[in-house]
Amino acid sequence: MSTFEHKDLLSIKQLSISDIQIILEVANSLKELIHRDIKKVPTLRGKNVTLFFYEPSTRTRTSFEIAAKILSADTVSISASASSMQKGETLLDTVKTLQAMNPDLLVIRHSSSGAPHFIAKNIKASVVNAGDGINEHPTQALLDLFTIKEKKGDIKGLNVAIIGDIAHSRVARSDILALKKMGADVTVSGPPTMMPPDIESLGVNVCYDPYEAVRNKDVVIGLRIQLERQRTFLFPSLREYANFFGINRKMLELTKPDAIIMHPGPMNRGVEIMSDVADSNRSVILDQVTNGVAVRMAILYLLIGSQK
Amino acid sequence: MILIKGGTVVDPLKDTVKRLDIVIDGERIKKILPPDKISDTSHFEKVIDATNMIVTPGLVDMHVHLREPGHEYKEDIRSGTLAAVAGGFTDIACMPNTDPVNDSSSVTKFILSRAGEDGFCHVHPIAAISINQEGKRLTEFGDLKRAGAVGVSDDGKSVLNSNLMRRALEYARYHGLTVISHCEDPTLSEGGVMHEGYVSTQIGLPGIPSEAEEIMVARDILLAKLTRCPVHIAHVSTAGSVKLIKMAKEEGIPVTAETAPHYFSLDHTALIEYDTNAKVNPPLRSEKDVEAIKRALRDDIIDVIATDHAPHSPLEKEVEFDKAESGMIGLQTAVPLTLNLVREGFLEITQAIRKLSYGPARILGISEGRIVEGGKANITIIDPNFSYILTEDMIFSKSKNTPFLGKELKGIVRFTIVDGKIRFSSDIKP
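Residues numbered from 1 in each chain as written. Chains lettered and ligands numbered in written order. Predicted model: local features only at pLDDT ≥ 70, side-chain atom pairs only at ≥ 80, totals over all residues. Heavy atoms only, no water.

(A) Structural detail: the confidence of the model for chain B. Mean pLDDT over chain B: 97, with 100% of residues reaching 70 or higher. Per the prediction output, this complex has pTM 0.94; the corresponding ipTM is 0.92. (pLDDT = per-residue confidence, 0-100.)

Put into structure tokens, the structure is as follows:
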């Protein structure tokens, strides 16, 4: 078996197919820990994982924290509102200060694209990107791959549609990169205002009509619509968005009969996804959440747990 | 007296390259004569052996940010003009976005008096078009001109009000001031931090479309047509702007244009690692735009190479990419990067030097921009074949924000002579 040799996990771009396979395999073997009565193994005992969230997050932060704790790492949680950033400290100084306390791994979420890359250059600890601006959310993409693999067996050759604000979604970007890498065919859909330029350069098909986009797909991924994007004229109203791009029952009839519906959360029910779809037996949205813990355990283990 | 011996002298106006010796007496060029006519050199205080070197008119950079007054921690008139002479420039024009803004004769006079005390080269202030660069009221062009300003610009942003821009063009011509326009529609570029294209899509940074520049280039060309008053377009970065300027020139509209070395040396792929030193405004564009800029220089659609030297300290650059200030320093890299275009066959050496001397000198109405007998002895001596790795200790600016750090450059300035005085010399060896 090949080895996983990275200091950081910043982007899906840095991962080889074999890296991804290793992460998914390790996640698969660690997943049963979540369902044990005593949810603790000593794998990362004595290791420090610092969770550094500049943006609000419930599920990703909790997911990392649970993953770290199951593996017996000590966790420290810092949020932007409680950090010295509020006192005007620069990110570089914050990072240097953290480094002086010698953490083993830093999980970072930041509103600026590239911030984790900047931090990784300036700190000895491993850095995991938990979402940077509109750029990437690599652990989300890996848990999506894990979930798809779990439900569909093989990723290669699957047809996947991603619907929503492709331009401003870090989940979309990481999902596209990861799915393409693993051999899936990806179609992106959404209003033209939410389609980034030259998106075809990532190897995806563009289909603005969501009904056409989901046709015969194995997987449909919905993306969260951010209300504040209305300010930059990307869409006129949530109502209009829901009417034309919200994932509804009618779309489900166009996909393959066994297609799964995914969403990274948090959902705006009735906007990008209708409640009856989100709660249907085709929805794997809660499996994604559980698998997130498994995948994050795998990543923590591979970055700071194995003997190097 | 100084003798420059054995050099290859470039005349950017006559388009000639000849081996000539130059005799400097006091502030002026006394004699230009064929090589080896002077056998006895004992009466010269200094003999410069310029064998295998290019001798050019003192270079002129019409787009520099000196940061004084107000941001002296980034650069000041002393360090900026030292970087200028180290880059071969004898004349530089400094942009008004200081603190306070150069929107009054007192700030213009302050800059000139500081340049007189501490400067290594000639400094030509560009004053603001509007008070505090707010785009609301014209500054006092006449008073500014009298104080020593050579042009006006709200560089850093566009004059959004088309009527104000129109009146600025009309009024500036009366006072003999060059109007330099920063072309950017901020409603279209808002939120963007790099060129909008496949790279911005791949690395997840909000983009600035080329059209944000081109809309304003088109408007300013139309205002120049309306008023018959000249306008100079700053830092042209896109193929579309080139097309518009070409069209305007063919119609006889009085427009001139500059680009900066980074727009023909780097493209948007320089940002893949989120290098804030490569963050500039307008942003580094696509590969196609870079090609278009090179061809526009060759075809004389773009008249001038100006650095847009924009010093920033680590406080502004060692931060999150979207929070980083735009701009890179450029005074000491302009010559090697421009010589690359000569080596690649895009430019003749005379043409390259014209865009760095006579071209901007004529647009600003300053200095001769040529080497002529009786003229002021502003001369630059370049060793075109010297290769080196650019390191921080070679940079004379207070700020070191350039993506060319650690990169190999070819061509270095050996002597810069300002009004007959050697203000910079370098004996750096491999």
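What follows picks up the thread again.
(B) Representation of the interface of chain A and chain B. Taken residue by residue, the interface counts 24 residues in chain A and 19 residues in chain B. Summed over both partners, the interface of chain A with chain B buries about 1,600 Å², with 56% contributed by carbon and sulfur atoms. Here chain A and chain B share zero salt bridges between them. Inspection of the chain A/chain B interface yields 10 residue pairs in polar contact (both at pLDDT 80 or more). For the side of chain A that touches chain B, the elements supplying multiple residues, two or more each, are helix H3 (91-100) and helix H4 (115-121) of chain A. The greatest single-element share of the side of chain A that touches chain B, amounting to four residues, is contributed by H4 of chain A. Each residue belonging to the side of chain A that touches chain B can be placed in one class, and the counts come to 10 nonpolar, eight polar and six charged. (Contact = heavy atoms within 4.5 Å. Buried area = accessible area lost by both parts, 1.4 Å probe. Salt bridge = Lys/Arg side-chain N within 4 Å of Asp/Glu carboxyl O. Polar contact = N/O pair within 3.5 Å; in protein donor to acceptor, adjacent residues only side chain to side chain. Helix = DSSP H or I, 4+ residues; strand = E, 2+ residues; numbered from the N terminus. Nonpolar A, V, L, I, M, F, W, Y, C, P; charged D, E, K, R; others polar.)

(C) Spatial organisation of the side chain of His63 of chain B. All names here are of chain B. Residue placement: His63 occurs in strand S6 (residues 59-64). His63 gets classed as buried once you look at its relative accessible area, which sits at 0%. Side chain to side chain, His63 and Glu258 meet in a polar contact 2.7 Å long. Sequence-distant contacts of His63, that is, excluding residues within four places in its chain, are made with Ala93, Met95, Asp155, Ala234, His235, Glu258, Ala306, Thr307, Asp308 and His309. (Buried < 20%, exposed > 50% of the residue type's maximum accessible area, 1.4 Å probe, protein only.)

(D) Structural context of the packing of helix H5 (residues 138-152) of chain A against helix H6 (residues 170-181) of chain A. Residue and element names in this part refer to chain A. H6 packs onto H5 with a crossing angle of 50° between their chain directions and a minimal axis gap of 8 Å. Put simply, H5 runs oblique to H6. Handedness of the crossing formed by H5 with H6: right-handed. Contacts between H5 and H6 pair Pro138, Gln140, Ala141, Asp144, Leu145 and Ile148 from the former with Val171, Ser174, Asp175, Ala178 and Leu179 from the latter. Residue composition of the contact of H5 with H6, grouped by class: seven nonpolar, two polar and two charged. (Axes fitted to C-alpha atoms, helices over the stretch in contact; angles between N-to-C directions. Parallel < 35°, antiparallel > 145°, perpendicular 65-115°, else oblique. Left-handed = near helix turned anticlockwise from the far one by under 90°.)

(E) A look at the domain arrangement of chain A. Residue and element names in this part refer to chain A. As assigned here, chain A comprises domain 1 (17-136 + 289-305) and domain 2 (138-284). The distance between the C-alpha centroids of domain 1 and domain 2 comes to 26 Å. Carbon and sulfur atoms supply 64% of the area that domain 1 and domain 2 bury against each other, a total of about 2,000 Å² over both sides. When the buried area of domain 1 at its contact with domain 2 is split by residue, Leu24, Ile134 and Glu136 rank highest and sum to 30% of it. The tally of links from domain 1 across to domain 2 stands at two salt bridges. For Arg170, the salt bridge identified is with Glu55, shortest N-O distance 3.0 Å. Inspection of the region where domain 1 meets domain 2 yields nine residue pairs in polar contact (both at pLDDT 80 or more). Elements that contribute at least two residues to the side of domain 1 that touches domain 2 include exactly helix H1 (17-30), helix H2 (59-70), strand S3 (105-110), strand S4 (126-132) and helix H11 (285-305). (Domains from an automatic or database assignment.)

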